[in-house]
Number of protein chains: 2
Amino acid sequence: MKSPKPLRLIVAQAILGLILTATAMADDKWGTSALMVVIEREAGSVLVIDSAQDHKVLGKVEGLGVLHHASISFSRGSRYAYVVSRDGFLSKIDLVELKVANKLKVGDSAIGLAVTQDGKYIAISNYKPGNIVIVSDETFEIVKTIEADNSKTVGLVDAPNDLLIVSLMDANEIWVIDASKPDFPVIRKYTDIGVKPYDGLLTPDGRWYIAGLFHSPWVAMLDLWNPENITKVPLPKPPDKPDLEPVLKIPHLEGWIMADGDLFAPVIGGEGLAVVDTKTWKSKEFIPLSAFPVFAMARPDMRQIWANYVLGKNHDTVEVVDIKTKKVIKILKPGKKIFHMQFTPKGRYVYISSNGDNKVLVYDTKTFELIKEIPAQKPSGIFCSDRSNKFGL
Amino acid sequence: MKSPKPLRLIVAQAILGLILTATAMADDKWGTSALMVVIEREAGSVLVIDSAQDHKVLGKVEGLGVLHHASISFSRGSRYAYVVSRDGFLSKIDLVELKVANKLKVGDSAIGLAVTQDGKYIAISNYKPGNIVIVSDETFEIVKTIEADNSKTVGLVDAPNDLLIVSLMDANEIWVIDASKPDFPVIRKYTDIGVKPYDGLLTPDGRWYIAGLFHSPWVAMLDLWNPENITKVPLPKPPDKPDLEPVLKIPHLEGWIMADGDLFAPVIGGEGLAVVDTKTWKSKEFIPLSAFPVFAMARPDMRQIWANYVLGKNHDTVEVVDIKTKKVIKILKPGKKIFHMQFTPKGRYVYISSNGDNKVLVYDTKTFELIKEIPAQKPSGIFCSDRSNKFGL
C-alpha cells in the first residue's frame, strides 16, 4: 500500500462530513401543530412559517398551480397540507420535508376541499365539471367521482362520523355523503333550501351546517343531530335599512362568529356587525365599524373580533372589537391591501397578509404591537395547521 | 498502491450504508399534532403513539421519575411534551427525536404543570415545598419561585393573555399570576372561595376557572371576563339522596362536561351523571350509570360521553352516553383496571388504558369496534398532543 493514509483521511473526512450533515439536519426539526402556511397567490407557492419558533420562515414550496381563492386543509397529525388550485390540481405538501409529496389533476375548475374525519380521503368540490371527487390519501388516486347534476359544488366540509356535506350552487340542494362506506353514498339530499348557495360552514362542534344563499333572504341551516329538515334563518338587516332586500353576496362565512350566546355577522349594506340572539335568531344590537367587513374573525378565546375590509373602502385597515363591551378597541393600519388574517392556535398572535406590501405581519393580540414583518410574494390566504384538529376546515 | 480497490469498496459501502441509514431516517418522520403519549406508571416511561399512522408505536422514552398521578402538557407547536413527576422532576421530552431533551429538579413533591399561552414558560405546582415554580423553556432554568404561604398548590392552568391560575389547598385561596410580566406578579388573590380546594379546570374557551372543594358543598367559579368576585355554584345531589352533604372528594374535574347548554357532572354518592342547566345552575335530570364514574369525558363533537369507574365497582367497564337522548348506548369491557381515556383530536377514535392487562386499547367511536391493542407496561394517563392548542391543559 503506497498511500493508504491520505485515502483513509479522505474517507474519515467524508464520513465526518455526512455525520455533521446529519447532525445539522437533526437540529432542523419542528413540531407541526402551529405552522402557518401562507399562499403566495401569483407565484403559485406557499411559505411555511413556524409560529412556535419566533415566527421563523422554514421554507417555501413551489409549483402548486393557480392559487386564486385557494384553500388549504391539513392531514390528520398535520404532517401534510393539501392545497387545491383553481386549475384543478390537488397538491400534497410535506410540512416536515418542505416539498410536494404528490400532485394530481382532480378537475378543470376546483373551488374547495375537505379531509374526512378519519384522514383517509381528501374530497374536492369542482365548479367544472360539477362534481365532488374523492381521493385516497394512501394511493393518491381518485377513488370516486360523485356527479352533481351539472351543478357547481361549494361549501364542502367534513363532519363527525366521516360525513361530508356540500352545497349545489345551480341545483339549489345540500347533500350529505357518507365517506365511511366504500361507495361514498349520498345519504341525504335537501332540495328546499333557497336559491343559489355560494358558501357553507360547519360550526366548530361539528353540529350545524350553514349555507349562504345569493338569492334568498335567509341562510339554510342543517342540524346534524336532527337532520330531518333544513331551517331557514332570516338574515339580519342593517338598522338604518330595515327594508333592504339582501340579494347581494354576503362575505365569506368564515366571518360568522358564535360567542357568548350570540352570533356576530356582517350584514349586506351595513358597515358593521349584527349581533343576533342564537335562541330566537333576532337581531339585538349592531356594532358600527368603519366599512363593510369581508372577514370578521374571533380570537380563539372568543374575546376579540378582528375585521378587515377588502371591497373598496379601508382596504388597509383592521379593526378589533372587544366582545364583552361590543366596542372597537383598536384600529390598525398594517399595510396596503389587507387580504386575510389567521390566529396562532391559542390566539396569542395573529398573522395578517398585506398583499399590496408583499409582507405578512405578525401582531401581538394582547398589546397590539407589531412583532414581526415577514417578506412574502403577494400573500393572500393564511392557514394554520391546527385546522387538522377542527371540524369543517 | 497494492490493494486500493478493496479499501475503496469498503469506503463506498460505508458511505452507502450511511446514506441508506439517512434515507431510512428520512422516511421515519411524522407530524406532531395527533400523537398519543401514554404514561407507564411503574416504569417511569412514556409510550409515544401516532394516532394518524394507524396508531403506530413510534417509541418509548424512559427515565422520567415517579409517574404516579403524573400529568403532561405540550409545547407550542407540539414538538415537546413536558411531564412532571411526583418526586419533583420536570422532563422535556422531544417528540420528534424521542428522547429526553432536558430534565430539572423543580420540587420535592410536584402535582401539576401548565405552559403559558406564549409557550415561553412552564409553571409547576408543588405540594412540597408549597409553591409555584416558573421554568424558562429556552434556558430550562427556574426563573421564579412564588411562595404559596406554606400551602400545597393545585389546579394550575394557563389562561388567555399569559395568565396562570392556581388554587391553594391549605390557604383556601385562588391566585391569578401574570406571566407576561418579568417578575410574574400575583395580580389577584381570592380568599372567600370555600374550604380545601383540591383541583381546578379552565373551560375550553379560556373564560371560566372552576375549583373543586373538599369541604364546601359548592364549586368556586371565576369568570375571567368579570374577575371581581368568585361565584359559588352549589353541587348537584343524587335524586335519591336530597339531604346528602357532599363532603367527599368528587372526581377529577376533567370529567365535567359542558354540552348542548348543559353541564354533565358526576355527583357524590350517585351512580350516574347530573345534568345541570348552566343558566340557573339547577339540576334538571339524572342519567343513571352502573357505578360511580371517575372520568366522564365528552367526545370532541360533544355528542357522546365516555365514563369509567376506577373506585371499586366496575373497574373493568366503560359506558357510553348519547348526549342527545341522554341514554347509555353502549357498555364495553375493555380489560382489567381501566384507568384513563383520551380521544384522538376530532374524536374518531378513543384510547383506553387497561392498567391490569398491560395494554392500551383503541376503539372506533362510531362503530364501538376494538381496532387495536397496544402492549404497554401498567399504563395510566393518556395525553394527546392536541392539548398544546387548548387552554387549561
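Structural notes, computed from the coordinates. (Residues numbered from 1 in each chain as written. Chains lettered and ligands numbered in written order. Predicted model: local features only at pLDDT ≥ 70, side-chain atom pairs only at ≥ 80, totals over all residues. Heavy atoms only, no water.)

**Notes on the overall build of chain A**
Looking only at helices and strands, chain A features 1 helix and 32 strands. Burial status across chain A gives 58% buried among its 393 residues. Only carbon and sulfur atoms are counted for the fraction: they give 53% of the accessible area of chain A, which is about 15,100 Å². (Helix = DSSP H or I, 4+ residues; strand = E, 2+ residues; numbered from the N terminus. Buried < 20%, exposed > 50% of the residue type's maximum accessible area, 1.4 Å probe, protein only. Areas by Shrake-Rupley, 256 points an atom, 1.4 Å probe, with all protein chains shown as cover.)

**Some thoughts on the relation of the copies chain A and chain B**
Turning chain A through 180° and shifting it by 0.0 Å along the axis lays it on chain B, with an RMSD of 0.0 Å. The relationship between the two copies is best expressed as a two-fold rotation axis. When the interface residues of chain A are mapped onto chain B, 100% of them are again interface residues, pointing to one common binding face. (Least-squares fit on C-alpha atoms with pLDDT ≥ 70 in both. Contact = heavy atoms within 4.5 Å.)

**A closer look at the interface of chain A and chain B**
Listed per partner, the contact involves 58 residues of chain A and 59 residues of chain B. Surface buried jointly by chain A and chain B totals about 5,100 Å² across both partners, of which 54% is contributed by carbon and sulfur atoms. Considering only the side of chain A, the residues that lose the most area to chain B are A:Arg76, A:Trp225 and A:Lys346, jointly responsible for 17% of the buried surface there. For the pair chain A and chain B, the number of links is 6 salt bridges. The salt bridge partner of B:Asp162 is A:Arg348, with a shortest N-O separation of 2.8 Å. Run the count over chain A and chain B and you get 31 residue pairs in polar contact (both at pLDDT 80 or more). The biggest single contributor to the side of chain A that touches chain B is helix α1 (residues 4-27) of chain A, with 7 residues. Tallied by class, residues from the side of chain A that touches chain B come to 20 nonpolar, 15 polar and 23 charged. (Buried area = accessible area lost by both parts, 1.4 Å probe. Salt bridge = Lys/Arg side-chain N within 4 Å of Asp/Glu carboxyl O. Polar contact = N/O pair within 3.5 Å; in protein donor to acceptor, adjacent residues only side chain to side chain. Nonpolar A, V, L, I, M, F, W, Y, C, P; charged D, E, K, R; others polar.)

**Digging into the packing of aromatic side chains**
The relative placement of two aromatic rings is captured by the distance of their centres and the angle of their planes. On inspection of all chains with the given rule, the structure shows 8 aromatic pairs over all chains. Each ring, one from B:Tyr198 and one from B:Phe214, has its centre 4.9 Å from the other, and the planes form 25°; the classification is stacked. Placement of the pair is B:Tyr198 in strand β16 (residues 197-202) and B:Phe214 in the loop between β17 (208-213) and β18 (218-223), with a sequence separation of 16 residues. The exposure class of B:Tyr198 is buried, given its relative accessible area of 5%. Its relative accessible area of 22% is what places B:Phe214 among the partly exposed residues. Connected via pairs of aromatic rings, a cluster forms that spans A:Trp306, A:Phe343 and A:Phe368. The ring centre of A:Tyr349 lies 5.5 Å from the NZ or CZ of A:Arg348, which sits over that ring. (Phe/Tyr/Trp six-rings, centres within 6.5 Å; stacked < 30°, edge-to-face > 60°. Lys NZ or Arg CZ within 6 Å of the ring centre and 35° of its normal.)

**Regarding the pattern of salt bridges**
Summed over all chains, the structure comprises 46 salt bridges over all chains. Residue A:Lys181 pairs with A:Asp178 through a salt bridge whose shortest N-O separation is 2.9 Å. What emerges from the salt-bridge pattern is a single network uniting A:Lys29, B:Arg79, B:Asp94, B:Glu97 and B:Lys99.

**Re the sheet that holds strand β21 (residues 262-266) of chain B**
Residues and elements named next belong to chain B. Spatially, β20-β21-β22-β23 is the arrangement adopted by the 4 strands of the open sheet, whose pairing is antiparallel. Pairing within the sheet leaves two strands with one partner each, and these edge strands are β20 (257-259) and β23 (282-288). Between one strand axis and the next, the sheet turns by 25° as a mean value, whatever way the strands run. (Pairing = 2+ DSSP bridges. Axes fitted to C-alpha atoms, helices over the stretch in contact; angles between N-to-C directions.)

**Points about the side chain of B:Asp50**
All names here are of chain B. Relative to the helices and strands, Asp50 is located in strand β2 (residues 45-50). For the buried Asp50, which has no salt bridge, the nearest side chain bearing the opposite charge is Lys56, at an N-O separation of 6.9 Å. At 3.0 Å, the side chain of Asp50 and the backbone nitrogen of Ala52 are in polar contact. Reaching out from Asp50, the side chain makes a polar contact with the side chain of Gln53 at a distance of 2.8 Å. In this view, Asp50 contacts Trp30, Gly31, Ala34, Leu35, His55, Lys56 and Leu58; residues no more than four positions away in its chain are not counted. (Lys, Arg positive; Asp, Glu negative; His and termini not counted.)

**Focus on the environment of B:Gly119**
Residues and elements named next belong to chain B. Inspection of the secondary structure puts Gly119 in the loop between β8 (109-115) and β9 (121-128). Judged by its relative accessible area of 16%, Gly119 falls in the buried class. Placed 43 residues apart in sequence, Gly119 and Arg76 show a C-alpha to C-alpha distance of 5.3 Å. Dropping the residues within four chain positions of it, Gly119 is found in contact with Arg76 and Asp137.

**With respect to unusual backbone geometry**
All names here are of chain A. Cis geometry marks the peptide bond from Lys128 to Pro129; its omega dihedral reads -10°. Secondary-structure assignment places Pro129 in the loop between β9 (121-128) and β10 (131-136). With phi around 65°, Asn161 is a residue other than glycine that occupies positive phi space. Here Asn161 shows up in the loop between β12 (153-159) and β13 (163-168).

**Points about the environment of A:Ser85**
All names here are of chain A. Along the chain, Ser85 turns up in the loop between β5 (80-84) and β6 (89-94). Exposure remark for Ser85: the relative accessible area of 0% places this residue in the buried category. Sequence separation between Ser85 and Ala274 is 189 residues, and the spatial gap between their C-alpha atoms is 33 Å. In contact with Ser85, other than residues within four places in its own chain, are Leu64, Gly65, Val66, Leu67 and Ala110. Reaching out from Ser85, the side chain makes a polar contact with the side chain of Asp87 at a distance of 2.6 Å.

**Some remarks on the side chain of A:Thr203**
All names here are of chain A. Its place among the elements puts Thr203 in the loop between β16 (197-202) and β17 (208-213). For Thr203, a relative accessible area of 6% translates into the label buried. Only 2.6 Å separates the side chain of Thr203 from the side chain of Asp205, close enough to count as a polar contact. If near-sequence neighbours (up to four positions away) are discounted, Thr203 is found in contact with Trp208 and Met258.

**A short note on the environment of B:Asp149**
Here B:Asp149 is to be found in the loop between β11 (142-147) and β12 (153-159). Linking B:Asp149 and B:Ser109, residues 40 residues apart in sequence, is a C-alpha distance of 16 Å.

**Thoughts on the pairing of strand β19 (residues 230-234) of chain A**
Residues and elements named next belong to chain A. Bridge count for strand β18 (residues 218-223) against β19 is 5 bridges, and the pairing is antiparallel. Bridge pairing links Leu222 to Ile230 in β19. Once β18 ends, the chain turns through 6 residues before running back antiparallel as β19.

**A short note on the sheet that holds β17(B)**
Residues and elements named next belong to chain B. What the 4 strands build is an open sheet, ordered β16-β17-β18-β19; its pairing is antiparallel. Either end of the sheet is taken by a strand with one partner, and the two such strands are β16 and β19 (230-234). Across the sheet, the mean angle from the axis of one strand to that of its neighbour is 25°, orientation sign disregarded. In this structure, β16 lies alongside β17, joined through 5 bridges in antiparallel fashion. Bridged to Pro197 within β17 is Leu213.

**Let's talk about the pairing of β10(A)**
Residue and element names in this part refer to chain A. In terms of residue burial, β10 counts as a mostly covered element, since 6 of its 6 residues are buried. With burial as the criterion, each face of β10 is covered, one bearing Asn131, Val133 and Val135 and the other bearing Ile132, Ile134 and Ser136. Note: β9 against β10, 6 bridges, orientation antiparallel. Among the inter-strand pairings, Ile122 is bridged to a residue of β10, identified as Val135. As consecutive antiparallel partners, β9 and β10 are separated by 2 residues. Bridge count between β10 and strand β11 (residues 142-147): 5 bridges; the pairing is antiparallel. Each bridged residue has a counterpart across the sheet, and for Val133 the counterpart in β11 is Thr145. Here β10 folds back onto β11 in antiparallel fashion, the turn holding 5 residues, of which Phe140 has a positive phi close to 55°.

By themselves, these are just geometric observations and shouldn't be taken as functional.
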